[in-house]
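# Remarks on the overall topology
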Amino acid sequence: MNLAIDRERLVSEIEALGRISEAEPPVVTRIVFTQADRRARAWIIAKCKEAGLEVRTDAVGNMFARWHGSDPAAPAVGTGSHIDAIPNAGKYDGVVGVLGGLEAIRALKEAGFPPKRPIELLIFTSEEPTRFGVGCLGSRMLSGTLSAEAAAKLRDANGESLDEVRCRAGFDGELRNVKLAPGHYHAFVELHIEQGPLLEREKIPLGIVERIAAPASADMILEGAGGHAGGVLMPDRKDALCAAAELVLEVERAARSTGAADTVATVGICEVFPGAVNSIPSRVRLSLDVRDTDLARRDGVMGDIARACEAIAQKRDVSIRTELLNADAPADCAPEVVQALTVSCRKHKLSHIPMVSRAYHDSLFVSRIAPTGMLFIPCLQGYSHRPDEYAAPDDIERGALVLAETLAKLAS
Ligand code: GLV
Ligand code: MN
Ligand code: MN
């Protein structure tokens, strides 16, 4: 089989999708179910149909573009990623896996490859947690990790439920039908930028992921007492933001204290109420994001943070409430998919290293229902979740080529 990736087509599609944004290019902001997200979805569906794929969309907006195999009843081989983007993001996160997956399928078709098993491109809904607070919404639901009842109750910052928002965006089927039947996938592979600096630093073009770290996230709500910034004397204050400042540093300390490179913790949101120059903050909401490849160590850090909350609350006479949003287990990639990726890299004489994914991906949840693997390509200085995120055309092409080869192997 003479497999050839059309690099110009793929790169120009990544550029074109990057221009469908709520922000001025090169900034990509594409929050789930906004106009930009819906325009991007329509654009992708048209590309999939042009490639001769049959497109189905489920009630939460996961999109499946299928190439029927000679045995249409066989479990499919899946590939794909997400097209939603956090505020102020770049154009490669998720998109390389979606458009790279589409290009891999087109390359296989153009090479005359006859799949036995169907090959299905997935575009997952809301891998990013921006709108509903929980990441990997679509893959959590299709894997049965998040129930339809729990999902329907999720609310965005305007207080609108997922149910209202998705119906208004045109996805009005039954949420309970999102969960896939057991055995739907024979295997799943996701191509993604590394979102870290290791491949670039080592000058290695490909990383074969062996383990995906365990993410946990929570809201921490601190309540103190407000008042006049001039009138309330310092000894009488219960300033929620001062307590939050201590807590942010405790989060950092807890993550550093494990001494493990794989432990990371971030406070990315700090909302201050009432948010006036001359008013003592009475309430603060902090977001908490903790990850580790080792579940017990991750939970140990969560425990340290809970104890820090108690100590700070007592010391400063404020209340601190933690609302856990998710606490997921890590995943091991499937040896058969790792093997298929390795054989494909060798066939094309491409050097590669085993890697851990410290970012989470839809693959974390697909791995609960199917043998799953991931392929990483380098990105400039490891930048991601920022507008200057960049992956070089050569690397994107190599990723799509190895993905195509791997899909062929798994679908035969
Ligand atoms: C995914 O975007 C993550 O935050 O790991
Ligand atoms: Mn992301
Ligand atoms: Mn991503």
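Above this note sits the structure.
This write-up is about the structure you can find in this document. Values in this document were obtained by computation on a predicted structure and should not be read as measured data.

Time to look at the coordination of the manganese ion (ligand 2). Distances from the manganese ion (ligand 2) to its protein donors, Asp93 (OD), Glu128 (OE) and His385 (NE2), fall within 2.0 to 2.1 Å. Between the donor residues of the manganese ion (ligand 2), the gaps in sequence give the motif D-x34-E-x256-H. Between the manganese ion (ligand 2) and the manganese ion (ligand 3), both coordinated by Asp93, there is a metal-metal distance of 3.7 Å. Taken as a pair, Asp93 in the loop between β5 (85-89) and α3 (95-110) and His385 in the loop between β18 (372-377) and α12 (393-411) lie far apart in primary sequence, 292 residues in all.

What follows deals with the site of ligand 1. Residues in close proximity to ligand 1 include Glu127, Glu128, Arg291, Ala359, Tyr360 and His385, which together make up its full environment. Between an oxygen atom of ligand 1 and a main-chain N or O atom of Tyr360, the distance comes to 2.9 Å. A distance of 3.3 Å separates an oxygen atom of ligand 1 from a polar atom in the side chain of His385. When isolated, ligand 1 has an accessible area of 190 Å², and the protein chains bury 93% of it. When the residues that make up the shell around ligand 1 are grouped by side-chain class, the tally is two nonpolar, one polar and three charged.

To continue, consider the packing of aromatic side chains. Enumeration over the complete set of coordinates arrives at five aromatic pairs. An angle of 70 degrees between the planes, with centres 5.8 Å apart, marks the rings of Phe124 and Phe188 as edge-to-face. Here Phe124, found in strand β6 (residues 119-124), pairs with Phe188, found in strand β7 (residues 185-193); they are 64 residues apart in sequence, far enough to count as distant. Residue Phe124 is classed as buried on the basis of its relative accessible area of 2%. Taking the ring centre of Phe64 as reference, the NZ or CZ of Arg56 above it sits at 4.0 Å. Just above the ring of Phe273 sits the side chain of Arg283; from NZ or CZ to the centre is 4.4 Å.

We now examine helix α2 (residues 35-50). Across its 16 residues, α2 extends 23 Å between first and last C-alpha, which sits within 8% of the 22 Å expected from 1.5 Å per residue. By the burial criterion, the buried members of α2 are Ala36, Asp37, Ala40, Arg41, Ile44, Lys47 and Cys48. What you see down the axis of α2 is that its buried residues fit within an arc of 135 degrees, all on one side. Those residues of α2 that are exposed and aimed more than 90 degrees away from the buried face are Gln35, Lys49 and Glu50. Its buried side turned inward, α2 meets α1 (7-18), β1 (28-30), β2 (54-57), β3 (63-67), α3 and β6.

We now examine the pattern of salt bridges. In total, this model carries 36 salt bridges according to the counting rule given. The partner of Arg168 in a salt bridge is Glu160, with the nearest N and O atoms 2.7 Å apart. It is possible to trace a salt-bridge network through shared partners that takes in Asp6, Arg9, Glu13, Lys47, Glu103, Arg106 and Glu110.

How each quantity is defined
Residues numbered from 1 in each chain as written. Chains lettered and ligands numbered in written order. Predicted model: local features only at pLDDT ≥ 70, side-chain atom pairs only at ≥ 80, totals over all residues. Heavy atoms only, no water. Donors = N, O, S within 2.8 Å, 3.2 Å for Na, K, Ca; no water. Helix = DSSP H or I, 4+ residues; strand = E, 2+ residues; numbered from the N terminus. Near = heavy atom within 4 Å. Polar contact = N/O pair within 3.5 Å; in protein donor to acceptor, adjacent residues only side chain to side chain. Areas by Shrake-Rupley, 256 points an atom, 1.4 Å probe, with all protein chains shown as cover. Nonpolar A, V, L, I, M, F, W, Y, C, P; charged D, E, K, R; others polar. Phe/Tyr/Trp six-rings, centres within 6.5 Å; stacked < 30°, edge-to-face > 60°. Buried < 20%, exposed > 50% of the residue type's maximum accessible area, 1.4 Å probe, protein only. Lys NZ or Arg CZ within 6 Å of the ring centre and 35° of its normal. Expected span 1.5 Å × (residues − 1). Arc of directions from axis to C-beta. Contact = heavy atoms within 4.5 Å. Salt bridge = Lys/Arg side-chain N within 4 Å of Asp/Glu carboxyl O.

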